[in-house]
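Structural features, examined
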Amino acid sequence: AEYYGRHCRTVYVLLTAVDLGRYTPRSPEADDPDRFIIGWTGLRSNYKYLESIEPALKQFLEQHKKAQLLLISNQPWNPASLPREQIRFCPWTPQDETRLLHEMTVGLMPLPDDPWTRGKCSFKMLQYMASALPVVVSPVGMNRQVLEKGPVGFSAETTSQWLDALEAICRDRQMGRTMGQAGRQVVEQHYSVDIIADKLADIFRTH
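Residues numbered from 1 in each chain as written. Predicted model: local features only at pLDDT ≥ 70, side-chain atom pairs only at ≥ 80, totals over all residues. Heavy atoms only, no water.

**With respect to the layout of surface pockets**
Counted as a void, the largest pocket has a volume near 540 Å³. Listing elements by their share of the lining of the largest pocket, those giving two or more residues are α1 (2-5) and α7 (142-147). Residue classes in the lining of the largest pocket are distributed as seven nonpolar, four polar and three charged. When its volume is computed, the second largest pocket comes out at roughly 320 Å³. Around the second largest pocket, the lining is made up of 16 residues, and of these Thr41, Gly42, Leu43, Phe123 and Lys124 lie nearest the centre. When contributions to the lining of the second largest pocket are tallied by element, the ones reaching two or more residues are β2 (67-73) and α6 (123-130). The leading source of residues in the lining of the second largest pocket is α6, at three residues. Of the residues contributing to the lining of the second largest pocket, the split by class is six nonpolar, seven polar and three charged. (1 Å grid on protein atoms, 1.4 Å probe; cavity = no way out; pocket = protein on both sides within 12 Å on 5 of 7 lines; lining within 4 Å. Points joined across faces, edges and corners; volume = space filled by probe spheres on them. Helix = DSSP H or I, 4+ residues; strand = E, 2+ residues; numbered from the N terminus. Nonpolar A, V, L, I, M, F, W, Y, C, P; charged D, E, K, R; others polar.)

**Some thoughts on a nonpolar patch on the surface**
Where nonpolar side chains cluster on the molecular surface, the patch consists of Tyr3, Tyr4 and Val11 and spans about 330 Å² of accessible area. Of note, valine 11 is situated in the loop between α1 and β1 (36-41). (Patch = residues over 30% accessible without salt bridge, like charges linked within 9 Å, V, L, I, M, F, W, Y side chains within 5 Å. Areas by Shrake-Rupley, 256 points an atom, 1.4 Å probe, with all protein chains shown as cover. Salt bridge = Lys/Arg side-chain N within 4 Å of Asp/Glu carboxyl O.)

**Focus on unusual backbone geometry**
For alanine 132, which is not glycine, the phi torsion reads 65° and is therefore positive. Relative to the assigned elements, alanine 132 resides in the loop between α6 and β5 (135-137).

**Regarding empty space enclosed by the protein**
By the definition in use, this model includes two cavities of 30 Å³ or more. Of the pockets and cavities examined, the largest cavity occupies roughly 70 Å³. Every residue lining the largest cavity is listed: Arg26, Asp31, Thr105, Ala132, Leu133, Pro134, Ile169, Arg173, Gly176 and Arg177. Considering each element in turn, the lining of the largest cavity owes the most residues, three residues, to helix α9 (residues 173-190). Tallied by class, the residues present in the lining of the largest cavity amount to four nonpolar, two polar and four charged. Computed from the structure, the second largest cavity encloses a volume of approximately 40 Å³. As for the second largest cavity, its lining consists of Trp40, Asn46, Tyr49, Met109, Pro110, Leu111, Lys120 and Lys124.

**So, the nonpolar core**
Across soluble globular proteins, you tend to see nonpolar side chains buried next to one another. Formed by 54 residues in total, the largest nonpolar core has its most connected members in Ile38, Leu57, Met125, Met129 and Val136. At six residues, helix α8 (residues 159-171) tops the list of elements feeding residues into this core. When sequence neighbours within four positions are dropped, the list of residues in contact with isoleucine 38 reads Leu57, Phe60, Leu61, Gln68, Leu69, Leu70, Val106, Leu108 and Leu166. (Core = buried A, V, L, I, M, F, W, Y, C linked by side-chain atoms within 4.5 Å. Buried < 20%, exposed > 50% of the residue type's maximum accessible area, 1.4 Å probe, protein only. Contact = heavy atoms within 4.5 Å.)

**Here's the deal with the sheet that holds β1**
Strand order in the open sheet formed by six strands is β3-β2-β1-β4-β5-β6, and the pairing between neighbours is parallel. Each edge of the open sheet carries a strand with a single partner, namely β3 (87-91) and β6 (153-155). Across the sheet, the axes of successive neighbouring strands diverge by a mean angle of 20°, strand direction being ignored. Relative to strand β4 (residues 106-109), β1 runs parallel, the two sharing two bridges. If you follow isoleucine 38 over to β4, its bridge partner there is valine 106. Across the sheet, α6 is in contact with β1, β4 and β5; its angle to β1 comes to roughly 140°. (Pairing = 2+ DSSP bridges. Axes fitted to C-alpha atoms, helices over the stretch in contact; angles between N-to-C directions.)

See the structure below:
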């Protein structure tokens, strides 16, 4: 918007839209108090973002032997420092995506702060929220804007902040469920396909 605003007087920003018929809330009854599933979904090329929080993941998984890191992607990630028996890779398919999101306890979206990431949409964050998952995300670009909409999870920048956020959600499952419900409401109110489609239609009607 900043770039095109230099060349055009009228610029609109349409936010990422989520199909709430496809991304449905996970059932709280699915929670197993003995399991804690840290989830991440995305392309293999974006594993570099997970590498940035590898020290926090390592500490958490070492301290919680029953916890798992669930990755939904096109190829596995094999970090040398993480216990392999606690990493579960599932190939992404449109048929399995929602089911796998429902297996998660918390969703992650780490990002560095640079010009590219400031322009990224928060789609994976919104996928987690639409699935009624609490989130732990880097407060970068659109992520920061989404976090401001409600108590949907934690922002984290340092290793200790990532670790503290995961520990907090692991200790207080009810807090995590409450954050997940708030996240679903934020998506329903601001980021659903129906809402964004209406805004797009208004743009076409007024021009």
